[in-house]
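Per-entry structural report
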Amino acid sequence: MRAPEGPSTLRDLVEGLAQHGDRPALLHVHAGKAEALSYAEIGARALSLAGALAARGIKPGDTVLMFGPNGHDWVVVRLALGALGAIAAALDDLTTDEELKVLVPDSGARLAFCAAAHATRLAAVDGDLTLVTLDPAEGLPRWTDWAAGEKGELPPIRPEDPMMLVTTSGTTGRPKSFLLTHANVLHNVRALAGQGIVTREDRALLPLPLHHVYPLTVGILAPFTLGTSVVLPESVTGPHLVAALQEARCTVMIAVPRLYAALLNGLMARVRQQPWLKRRIFKALFAISLFLRRRFRLRVGRRLFGSIHKNLAPDLWLMASGGAAFEAELIWPLEALGWQVLSGWGLAETASILTNNHRNRARIGTEGFLLPGAELRVAEPDER
């Protein structure tokens, strides 16, 4: 199968953002209020910074560090680096000083975009590293200062050029790094966008750190190809997630099984606190919904548990998951409560989805279907 057509490089994607105009691209929820940045704005800002970086001599293939939390500024800078053709090396916002002593020299970067709170830490590791902050900081330029400067022409980039340097801890020993090309990442983006699971009318909550390949590819780049609004919560605590789900009227959530397990456990804990009669009614309705979903593939949970949906997230219909195995024992209760749950499987090295379940074509307990254009071989399969 051929992969669907679409952007071949991150520059193609960034240049295409303007077609979505004033539609909200990013909504960052703080204190219960959503701050929006439109597609036209985010595209223009990213291209402006890319041109300014080119004028300062940053070239395709140069490695640039990113070290900060999720937010509008992080996304704009990340898109600018991709549009220029630089290799982004994004670090976890929780990276320790000991880890920085390994990761910063190994990256080979001479420029870093960082949170103001991290600037001193980076300077202590490498005093020759040029620092530009993502948020205002005294004595250091912010990325907006650089973006306002002279612009240079963006040099050509190719799909086979490296786009990001990824560091994974693996299972033992020293962190391991590898490169992903524009072709690697954009193949995933085109394949996911082409499945029609999410549309431009959806609003996707993304509570995952963007330095990981999975949330960047599935949670930012694929939605941006479609014109879908992406919502960033204030934090991953329960109250902040609920606030973001409600304030931004999220229809989709992109997370990992651990977050869904915490959500389910919280809901069930609230049920256990109800009076005896309400608990018995809930238990009976839950059993009926689960039976109908498993035996006849009927979805009645949203009607039976309307109050739960109203109080948690009135518009949420899809829970998408990756990053770890999503066990069927966790999926079925969520399905019984009225959500559609779709899981996928892959590796950071596969940028990062290789298989996934499709809307109205999901097999719970499996990791779904192979992406178009990809090949999969099972080594030493079980005897079945």
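Throughout what follows, the structure given in this document is the object of discussion. (Residues numbered from 1 in each chain as written. Predicted model: local features only at pLDDT ≥ 70, side-chain atom pairs only at ≥ 80, totals over all residues. Heavy atoms only, no water.)

Remarks on the pattern of salt bridges
- Tallied over the full model, the rule gives eleven salt bridges.
- In this structure, lysine 101 engages glutamate 98 in a salt bridge whose closest nitrogen and oxygen atoms are separated by 3.1 Å. Placement of both lysine 101 and glutamate 98 in helix α4 (residues 97-107) is noted, with a separation of three residues, approximately one turn of the helix.
- We note a salt bridge from aspartate 315 to arginine 249, for which the minimum N-O separation is 2.6 Å. Highlighted residues: aspartate 315 in the loop between α13 (306-312) and β12 (318-321) and arginine 249 in the loop between α9 (238-247) and β11 (252-255), separated in sequence by 66 residues.
- Overall, aspartate 315 belongs to the partly exposed group, its relative accessible area being 23%.
- Arginine 249 sits in the partly exposed class, given a relative accessible area of 42%. (Salt bridge = Lys/Arg side-chain N within 4 Å of Asp/Glu carboxyl O. Helix = DSSP H or I, 4+ residues; strand = E, 2+ residues; numbered from the N terminus. Buried < 20%, exposed > 50% of the residue type's maximum accessible area, 1.4 Å probe, protein only.)

What about the environment of isoleucine 58?
- Within the secondary structure layout, isoleucine 58 lies in the loop between α2 (39-55) and β3 (63-67).
- Sequence-wise, isoleucine 58 and arginine 258 are 200 residues apart; in three dimensions their C-alpha atoms are separated by 39 Å.
- Look past the residues within four positions of isoleucine 58 in its chain and what remains in contact with it is Leu53, Val64, Leu84, Ala86 and Leu111. (Contact = heavy atoms within 4.5 Å.)

Quick look at helix α10 (residues 257-272)
- In this model, α10 (16 residues) spans 22 Å end to end at C-alpha, consistent with the 22 Å of a helix rising 1.5 Å per residue.
- Taken as a whole, α10 has its buried residues at Pro257, Leu259, Tyr260, Leu263, Leu264, Leu267 and Val271. The buried residues of α10 occupy an angular sector of 165 degrees when projected down its axis, which confines them to one face. Summarising the geometry of α10, the exposed residues directed more than 90 degrees from the buried face are Arg258, Asn265 and Arg272.
- Looking at the buried positions of α10, the neighbouring elements they touch are α9, β11, α11 (276-296), α13, β12 and α14 (328-336). (Expected span 1.5 Å × (residues − 1). Arc of directions from axis to C-beta.)

Some points on empty space enclosed by the protein
- In the structure shown here, the tally under the stated rule is two cavities of 30 Å³ or more.
- One number sums up the size of the largest cavity: a volume of about 340 Å³.
- If one sorts the elements of the lining of the largest cavity by residue count, helix α8 (residues 213-226) sits on top with five residues.
- Among the residues forming the lining of the largest cavity, the class breakdown is 16 nonpolar, seven polar and no charged.
- If you trace the second largest cavity, you find it lined by Leu65, Ala89, Ala90, Leu91, Leu103, Asp106, Ser107, Leu165, Thr167 and Ser177.
- Of the residues contributing to the lining of the second largest cavity, the split by class is six nonpolar, three polar and one charged. (1 Å grid on protein atoms, 1.4 Å probe; cavity = no way out; pocket = protein on both sides within 12 Å on 5 of 7 lines; lining within 4 Å. Points joined across faces, edges and corners; volume = space filled by probe spheres on them. Nonpolar A, V, L, I, M, F, W, Y, C, P; charged D, E, K, R; others polar.)

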